[in-house]
Amino acid sequence: MVNDEIDFAELPDRASANSLHDLLKSKISVFLVPRQEIRISILLLNTNVFPLSEKEARKSLSLALNKIDLARGVGRTLNTIIPSDHPEYAKSVFPDGYSPEKAVQMLAAKGWSKNEANGIMSKAGKPFSFEVLFAKNSTLEENLARTMLLNLRELNIDIKPIPIRSVTKKERLQSGSFQAMIFSYEYNDDFLFEALKEFYSDILGAGLNKINYRNRYISNLFRLIENGEDEKTLPERFQFFVHQEMPAVFLFHEETRIVAVQNRVRNFREQKVTRDGSSSSLKPIEEWFIPRNQQRRSNNGN
């Protein structure tokens, strides 16, 4: 947009939106629109590598991270891949919320204690310490990593945020060469079975060459459904087993997305005013237009 080559863009976070608006000012409109798809952010954990090979270590992270702080300004907190207002959300599976005290008790019951020499929670002489990869050009992910570090430091859990390129992060996921990473996943809930299968296979790692997390009950459920069994029990069982074993900490889902549109474009926005305020949405793109006198000219002058 800065080079006047595109008229529309979806922006990754508020910091990017503010920077673009400061640069282009009145040339663009920047606003929020509702998301049609479901986009979640998670802390993906490598279950093959200590300390995250220990189930109580993984579960303690879900109790120790303040999801309200993590979600502030970007979305609504999340316990599982399915948002809490969705009809397939298994509410009874998630009795526990943010509770650092329970996290400490859980770790202590499994032999973890503070190493007085370095101040880090340890088990059998090995520290509760791990790297968290995040996308280096993402202000959102950098802020998430910083908040996680502060949350976990209070429990003497040591994390090391590492910025890497987004494409490298995907490669590290495929090869299993990570300890933990901040990751986003997007899906259409009209196709929930397909989304759960893809998330299980390609993100949690059940179908990767370097398997990260695999649960034989979940794998068998998918197999039975593909052979004609009813899939109606899948969402609840999937949520139950993933919550019990915690290969990922679910952080939040984004209800809106930030878009920028060049102001030469007309008829792109629909504004609704209600008793609770106003909201914007994008009109179908076939209704957008650019006045003739503001259209770009091609190289041949036509």
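All values reported here derive from a predicted model rather than from experimental measurement.

Enquirer: How should the overall build of the chain be read in this particular structure?
Expert: Tallying secondary structure elements over the chain gives nine helices and 12 strands in all. With the C-alpha coordinates aligned to their principal axes, the bounding extent of the chain is approximately 75 × 55 × 45 Å. Out of the 302 residues belonging to the chain, those deemed buried represent 45%. Taking as baseline every contact in the chain between residues at least 6 positions apart, the subset at least 24 positions apart corresponds to 73%. As displayed, the chain has an accessible area near 16500 Å², and 46% of this comes from carbon and sulfur atoms.

Enquirer: In this structure, what is going on with the layout of surface pockets? I would like to understand it.
Expert: Unoccupied space between atoms shows up once a probe the size of one water molecule is rolled over them. One number sums up the size of the largest pocket: a volume of about 830 Å³. Secondary-structure elements contributing two or more residues to the lining of the largest pocket are β1 (8-11), α1 (14-24), β2 (28-45), α3 (67-71), α5 (139-153), α6 (166-175), β9 (180-187) and β10 (248-262). Of the residues forming the lining of the largest pocket, the biggest block, six residues, is contributed by α5. Volume-wise, the second largest pocket comes out at about 350 Å³. Every residue lining the second largest pocket is counted, 17 residues in all, and those nearest its centre are Ser62, Asn79, Asp96, Gly97 and Tyr98. For the lining of the second largest pocket, the element with the most residues is helix α2 (residues 55-64), which contributes three residues.

Enquirer: Mind showing me how you'd approach the pairing of β9 here?
Expert: The side chains of a regular strand alternate between both faces of the sheet. Most of β9 sits inside the fold, with six of its eight residues counted as buried. Bridge analysis of strand β7 (residues 129-135) against β9 gives two bridges, and the strand direction is parallel. Bridged to Val132 within β9 is Ala180.

Enquirer: Is there a simple way to explain the side chain of Arg35 in this structure?
Expert: Its place among the elements puts Arg35 in strand β2. Separated by 2.4 Å, the side chains of Arg35 and Glu37 make a polar contact. Engagement of the side chain of Arg35 in a polar contact is seen with the backbone oxygen of Thr256, the distance being 3.2 Å. Once you skip the residues sitting within four places of it in the chain, Arg35 turns out to touch Glu10, Glu186, Glu254, Glu255, Thr256 and Arg257.

Enquirer: What is the right way to look at the nonpolar core in this model?
Expert: Buried together is how nonpolar side chains tend to be arranged in soluble globular proteins. Formed by 39 residues in total, the largest nonpolar core has its most connected members in Ile40, Ile42, Leu44, Ile81, Phe199, Leu204 and Phe238. Here the element with the most residues in this core is helix α7 (residues 192-203); it accounts for seven residues. If near-sequence neighbours (up to four positions away) are discounted, Leu44 is found in contact with Leu173, Phe178, Gln179, Ala180, Met181, Ile203, Leu204, Pro247 and Ala248. Membership of the second largest hydrophobic core comes to 32 residues, among which are Leu63, Ile157, Leu251 and Phe252.

Rules of the game
Residues numbered from 1 in each chain as written. Predicted model: local features only at pLDDT ≥ 70, side-chain atom pairs only at ≥ 80, totals over all residues. Heavy atoms only, no water. Helix = DSSP H or I, 4+ residues; strand = E, 2+ residues; numbered from the N terminus. Buried < 20%, exposed > 50% of the residue type's maximum accessible area, 1.4 Å probe, protein only. Contact = heavy atoms within 4.5 Å. Areas by Shrake-Rupley, 256 points an atom, 1.4 Å probe, with all protein chains shown as cover. 1 Å grid on protein atoms, 1.4 Å probe; cavity = no way out; pocket = protein on both sides within 12 Å on 5 of 7 lines; lining within 4 Å. Points joined across faces, edges and corners; volume = space filled by probe spheres on them. Pairing = 2+ DSSP bridges. Polar contact = N/O pair within 3.5 Å; in protein donor to acceptor, adjacent residues only side chain to side chain. Core = buried A, V, L, I, M, F, W, Y, C linked by side-chain atoms within 4.5 Å.

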